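One letter stands for each residue in the lines below.
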Amino acid sequence: MNSFSKYLIPAVLFLSLQSCGHSDKPEQKKTAVSATPEIEAINPKQGDFASSRTIPGELQPYQKVDVYAKISSFVKKLYVDVGNEVKAGQLLATLEAPELNAQQSAAASALKSKEAIYIASKAKYDRLKETSKTPGTISALDLEQALAAQRSDIAQLESAKASYREVIDVKNYLQIRAPFSGNIAVRNVSAGAYVGPSGKGSELPMFNLVQQDRLRLIVNVPEFYTGSLNKEGDIKFSVQSLPGETFTAKISRSAGALDSRLRSQSVEMDVYNKDKRLLPGMVANVILPLSENNKTLSVPTSAVLNSSLGVFVIRVEKNTAHWVPVTSGISNGDTTTIIGPVTPDDIIVKSASEEIRDGQSIKIKLSK
């Protein structure tokens, strides 16, 4: 390499670097600070608000009873079986207790004896009273004693009548009848079985009778929704065994107190089930209508910020963000009610995020 080339190459490299350095500086000067983006904001809305919640419920018979024998006895004959529909007063079974026949005979004999004694004492008193009309024939003491004997005999006669009626009433318990119309859900005995009152002859009832044409839909409403439950509206529900079908009921009764364990209120709805397609014991998906009064404030659900510090909405005052603590109420998905120091005139960030810090300066665009 000659001496000229030795000095030429470094010079070219130096000039190239110089030209690159001069070309970068104008681009850096042209870089501008990007404008702060506008954040969409809204005003809370005030007015009636409606929503719904789906919670599980249970269908139960409107009436149900375990039928026991009143007295210790044996089953003589059964007239119904599981699944039979019965009417109120219908005979379900007859029982037999031989000792009751002896008691009835003894009571009947005692009644006849007391009746005869009373007839005699009454006749005696009547004769003495008639005779006493002749002065000096019957003393007043004898007449009073005869009257006292008659009254004693009539009292014993009434007692014998009561004892006889008691035996007859007990014998009537040998006929088991349906207390109301319904269906036999359970039969636990057969002919010849020994039965009696619960714990005194029978551990299980003879029959279990349920009313099926009218049911109770029982729902445990959580405490959070008890104040918003619309008790006047129709309640719709469905069951898994009848997919695609919706049934309607109305609220008939509520407990008026919260269950101490579940922190919920038991609410009952009457369900008329004439076709008996719904069965007691079915689990129902119940759609509860919820509503708030016209003083309720609502915001888009996205405006409610659920953070580790609590629940907030972001209010904007003089282009400054302020986290305002609130309590979120019922929601219909897109909109949520809130309770807190917020008014309809406040400006609230529509899409709250923890990236918008408390006290941060922001630009907003108010949506209608």
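Residues numbered from 1 in each chain as written. Predicted model: local features only at pLDDT ≥ 70, side-chain atom pairs only at ≥ 80, totals over all residues. Heavy atoms only, no water.

Under an unreviewed UniProt entry, the chain has the name RND family efflux transporter, MFP subunit and belongs to Chryseobacterium oleae. Heading Sequence similarities (unreviewed entry) of the UniProt record for the chain holds this comment: "Belongs to the membrane fusion protein (MFP) (TC 8.A.1) family." (UniProt positions renumbered as here; feature names shortened; annotations may be inferred.)

K.L.:
For this particular structure, what's the right way to read unusual backbone geometry?
P.N.:
In this structure, lysine 318 takes a positive phi of about 55° despite not being glycine. Residue classification places lysine 318 among the exposed residues on the basis of a relative accessible area of 82%. If you check the backbone angles, asparagine 319 has positive phi at about 60° while not being a glycine. With a relative accessible area of 44%, asparagine 319 lands in the partly exposed category. (Buried < 20%, exposed > 50% of the residue type's maximum accessible area, 1.4 Å probe, protein only.)

K.L.:
How do you make sense of the nonpolar core when you look at a structure like this?
P.N.:
A general trend in soluble globular proteins is that nonpolar side chains are found buried together. Ranked by size, the top nonpolar core spans 26 residues in total, and within it Leu59, Leu217, Phe237 and Leu278 carry the most contacts. Here leucine 217 is in contact with Gly57, Glu58, Leu59, Phe237, Val267, Glu268, Met269, Val271, Ala284 and Val286, once residues within four sequence places are set aside. Listed in part, the 21 residues of the second largest apolar core include Val67, Ala178, Phe180 and Met206. (Core = buried A, V, L, I, M, F, W, Y, C linked by side-chain atoms within 4.5 Å. Contact = heavy atoms within 4.5 Å.)

K.L.:
Looking at this structure, how should I read the packing of aromatic side chains?
P.N.:
One pair of aromatic rings is described through two measures. These are the centre distance and the angle between the planes. Scanning the entire structure with this criterion turns up four aromatic pairs. Taking 5.2 Å as the distance between ring centres and 80° as the angle between the ring planes, the aromatic pair formed by phenylalanine 224 and tyrosine 225 counts as edge-to-face. On the numbers, 5.6 Å between centres and 25° between planes, the contact of phenylalanine 237 with phenylalanine 247 is stacked. Residue phenylalanine 237 is found in strand β13 (residues 235-239), and its partner phenylalanine 247 is found in strand β14 (residues 247-258); the two are separated by 10 residues along the sequence. Across this residue pair, the class does not change: phenylalanine 237 and phenylalanine 247 are buried. Above the face of the tyrosine 173 ring, lysine 70 is positioned so that its terminal group lies 5.7 Å from the ring centre. Sitting over the ring of tyrosine 62, arginine 216 keeps its end group 4.3 Å from the ring centre. (Phe/Tyr/Trp six-rings, centres within 6.5 Å; stacked < 30°, edge-to-face > 60°. Helix = DSSP H or I, 4+ residues; strand = E, 2+ residues; numbered from the N terminus. Lys NZ or Arg CZ within 6 Å of the ring centre and 35° of its normal.)

K.L.:
When you look at the confidence of the model for the chain in this model, what are you seeing that I'm missing?
P.N.:
When pLDDT is averaged across the chain, the result is 85; 88% of the residues are at 70 or more. Looking at the elements of the chain, mean pLDDT is at its lowest for helix α1 (residues 3-30), recorded as 45, and at its highest for strand β11 (residues 207-210), recorded as 96. This model gives residues 1-17 a pLDDT under 50, and the stretch forms one contact once residues within four places in sequence are excluded. (pLDDT = per-residue confidence, 0-100.)

K.L.:
Please explain the sheet that holds strand β17 (residues 297-300) as it appears in this structure.
P.N.:
Across a sheet, paired strands are connected by hydrogen bonds in the backbone, their directions being either parallel or antiparallel. Within the open sheet, the four strands sit side by side as β2-β17-β22-β21. Their pairing is antiparallel. If you trace the sheet from one side to the other, it starts and ends with β2 (45-46) and β21 (327-331), each paired once. Pairing of β2 with β17 involves two bridges; the strand directions are antiparallel. The residue of β17 that forms the bridge with lysine 45 is serine 298. (Pairing = 2+ DSSP bridges.)

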